[in-house]
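Coordinate analysis (summary)
Listed below are the residues making up each chain.
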Amino acid sequence: MVDVYLPMMKSAALISAGQLGLFEALSKGPLDVKGLVKALDCSPEGVLRLADFLTTVGYLERDGDRFKNTPHAARWFTRAGEVDYTAGLKWTGEAWSLMATLAECVRTGAPKATLWDLMSERASWGPTFSKYMHAFAQHLGPDLLKHVRPPPGARRLLDLGGSHGEHSIAFCRLYPEFEAVLVDQASALSATQTTLHEAGMEHRITLTAGDLREAAWGEGFDVVLFLSVVHNQTAEDNRITVERIAKALNPGGLLVIHEYPDDHPTSAYDAAFRLTLLTETGTSTASSASIEGWIAQAGLSPPQRIVLNPREKGALFISEKAR
Ligand SMILES: C[S@@+](CC[C@H](N)C(=O)[O-])C[C@H]1O[C@@H](n2cnc3c(N)ncnc32)[C@H](O)[C@@H]1O
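This write-up is about the structure you can find in this document. On a predicted model such as this, the values are computed, not experimentally measured, just so you know.

Summing up its helical and strand segments, the chain has 14 helices and 10 strands in all. The C-alpha atoms of the chain give 21 Å as radius of gyration, which agrees with the globular expectation for 323 residues (20 Å, within 12%). Along the longest, intermediate and shortest principal axes, the C-alpha atoms of the chain span 65 × 50 × 35 Å. When contacts within the chain are restricted to residue pairs at least 6 apart in sequence, those whose partners lie at least 24 apart make up 67%.

What follows is the structure in structure tokens.
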């Protein structure tokens, strides 16, 4: 029971800390209970119990009667850190309720309602999920810009399932001649137009709301990003999508897939993610061999496969259309 109880309380405490803004409040310096009460608008007893527990699991340190973030908490859960995954804590707080359906999903092999259905019923879910994806995109971004080398003269980028717009913006910033088309479901785009406006990119990046399996994306693209969407689709939909991408690419153009390949040996993280997908979409991660198969069938070059560090960040598959 300790194995069941402690991970549950660790998750609940971290989620609460994210919802309350505890790590951000401590990013300006250590605080005692009185300071935390004022910063977070909490009860003294509640915040003391939360801070005490987070100290025992390595996210806070106690310095006399004051609490401070450990380097790990500061690195991942504050604005001053490497990537602020507070949005991931908030999303996990929402998605927590899906875990109560896990046994039923295991029984039937699929969720009763997909994440996309739930997002249209629960207004806060789409924006909260997109903010989490945005944080992850800030983490993945430098790997993408390092490994993806657009062909000379490249001008047009397609970002399928591009959500928050972070990747399209990063490419347009690095390559001033680029223009981009971003396709995603309306639930993922609620904040994207504002993000584009703030980045001064609203004239260079066009948003298309809709199901990418049905939407007309246009053609003549030099780079197509298909990032973290493979596990949201069936194998047949992925095969068709990669075939459509190959047709939409210019000669010499690049297809860039990001995925969490279902290869052996399976790690606990990979297996947990597949279990999560059972409650969210009913789809699953794809193996490297499947991805390479869709690419070969579409007539693109055998992809360069780059396993990212740490492995939980997934892998890139970069493939070229013959000139
Ligand atoms: C895991 S998120 C990845 C977001 C972004 N590409 C990134 O790497 O940060 C998957 C995205 O794909 C979108 N998506 C999944 N299936 C889709 C479909 N059939 N049509 C359009 N968008 C889809 C979701 O709405 C979501 O924004």
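Here the narrative resumes.
Moving on to the sheet that holds strand β7 (residues 221-227). Hydrogen bonds along the backbone pair up the strands of a sheet, which may run parallel or antiparallel. Read from one edge of the open sheet, 7 strands run β6-β5-β4-β7-β8-β10-β9, paired in mixed fashion. Single-partner strands in this sheet number two, and they are β6 (205-209) and β9 (304-307). For this sheet, the mean angle separating the axes of adjacent strands, direction not counted, is 15°.

As a packed pair, helix α1 (residues 2-20) and helix α6 (residues 86-95) sit with axes 8 Å apart at the nearest point and diverge in direction by 115°. Our pair here, α1 against α6, has a crossing hand that is left-handed. Touching Leu14, Ile15, Gly18 and Gln19 of α1 are Thr86, Leu89, Lys90, Thr92 and Gly93, all from α6. Here the residues of the contact of α1 with α6 sort into 3 nonpolar, 5 polar and 1 charged.

What follows is about helix α12 (residues 235-248). Counting along an α-helix, one turn takes 3.6 residues, and residues three or four places apart therefore face a common direction. With 14 residues, α12 should cover 20 Å at 1.5 Å per step; its first-to-last C-alpha distance of 20 Å lies within 8% of that length. Taken together, the buried positions of α12 are Asn238, Thr241, Val242, Ile245 and Ala248. Taken end-on, α12 shows its buried residues confined to a sector of 120°, consistent with a single buried face. With respect to the buried face of α12, the exposed residues turned more than 90 degrees away are Glu236 and Lys247. Among the structural elements, β4 (156-160), β7, β8 (249-259) and α14 (288-297) are those in contact with the buried residues of α12.

Take the site of the ligand next. Every one of the 16 residues lining the ligand counts as a neighbour, but Gly161, Ser163, Ala188, Leu212 and Leu227 are closest to it. Ranked by residues supplied to the shell around the ligand, first place goes to helix α9 (residues 125-147) with 3 residues. For the shell around the ligand, a count of residues per class yields 7 nonpolar, 6 polar and 3 charged.

Time to look at unusual backbone geometry. Along the chain, His264 connects to Pro265 via a cis peptide bond; the corresponding omega equals -5°. Tracing the chain through its elements places Pro265 in the loop between β8 and α13 (268-280). With an omega of 0°, the peptide bond running from Asn309 to Pro310 counts as cis. Looking at the secondary structure, you find Pro310 in the loop between β9 and β10 (315-320). Backbone geometry at Asp41 places phi at a positive 55°, although glycine is not the residue there.

A few words now on the pairing of strand β3 (residues 66-69). Judged by which residues are buried, β3 turns out to be one-sided: Phe67 and Asn69 face inward and are buried, whereas Arg66 and Lys68, on the alternate face, are not. Relative to β3, strand β1 (residues 31-32) runs antiparallel, the two sharing 2 bridges. From the neighbouring strand, Asp32 faces β3, where its bridge partner is Arg66. Direction of pairing for strand β2 (residues 60-63) relative to β3: antiparallel, over a ladder of 4 bridges. Bridge pairing links Leu60 to Asn69 in β3. The antiparallel pairing of β2 with β3 creates a hairpin that spans 2 residues between the two strands, and Gly64 there sits at a positive phi of about 65°.

Next up on the list: the nonpolar core. Within the largest apolar cluster, 39 residues are counted, with the highest numbers of intra-cluster contacts made by Val224, Leu225, Phe226, Leu255 and Val256. When contributions to this core are tallied by element, the ones reaching two or more residues are β4, α10 (166-174), β5 (179-184), β7, α12, β8, α14 and β10. Here this core gets 6 residues from one element, more than from any other, and that element is β7. Apart from residues no more than four positions distant in its own chain, Val256 is found in contact with Val148, Val223, Val224, Leu225, Phe226, Leu316 and Ile318. One finds Leu14, Leu60, Ala73 and Tyr85 within the second-largest nonpolar core, a separate group that totals 29 residues.

Another aspect to go through is the environment of Ser97. Looking at the secondary structure, you find Ser97 in the loop between α6 and α7 (102-108). Among the residues examined, Ser97 registers 11 C-beta atoms within 10 Å and is labelled exposed.

A separate point is α9. Helix length check: α9, at 23 residues, gives a terminal C-alpha distance of 32 Å against a target of 33 Å (1.5 Å per residue), a fit within 8%. At Leu140, α9 shows its largest kink, close to 45°, and the proline Pro142 lies no more than four residues downstream. Residues of α9 that are buried: Gly126, Thr128, Phe129, Ser130, Tyr132, Met133, Ala137, Leu140 and Leu144. Buried-residue contacts for α9 involve α6, α8 (115-121), α10 and β8.

What counts, and at which threshold
- Residues numbered from 1 in each chain as written.
- Predicted model: local features only at pLDDT ≥ 70, side-chain atom pairs only at ≥ 80, totals over all residues.
- Helix = DSSP H or I, 4+ residues; strand = E, 2+ residues; numbered from the N terminus.
- Rg over C-alpha atoms; globule rule 2.2 N^0.38 Å.
- Contact = placed C-beta atoms within 7 Å.
- Pairing = 2+ DSSP bridges.
- Axes fitted to C-alpha atoms, helices over the stretch in contact; angles between N-to-C directions.
- Left-handed = near helix turned anticlockwise from the far one by under 90°.
- Nonpolar A, V, L, I, M, F, W, Y, C, P; charged D, E, K, R; others polar.
- Expected span 1.5 Å × (residues − 1).
- Buried ≥ 20, exposed ≤ 12 C-beta atoms within 10 Å, placed from the backbone.
- Arc of directions from axis to C-beta.
- Near = placed C-beta within 6 Å.
- Core = buried A, V, L, I, M, F, W, Y, C linked by C-beta atoms within 7 Å.
- Bend = angle between axes of the 7 residues up to and from the residue.

Such coordinate-based values are descriptive only and should not be taken to indicate function.
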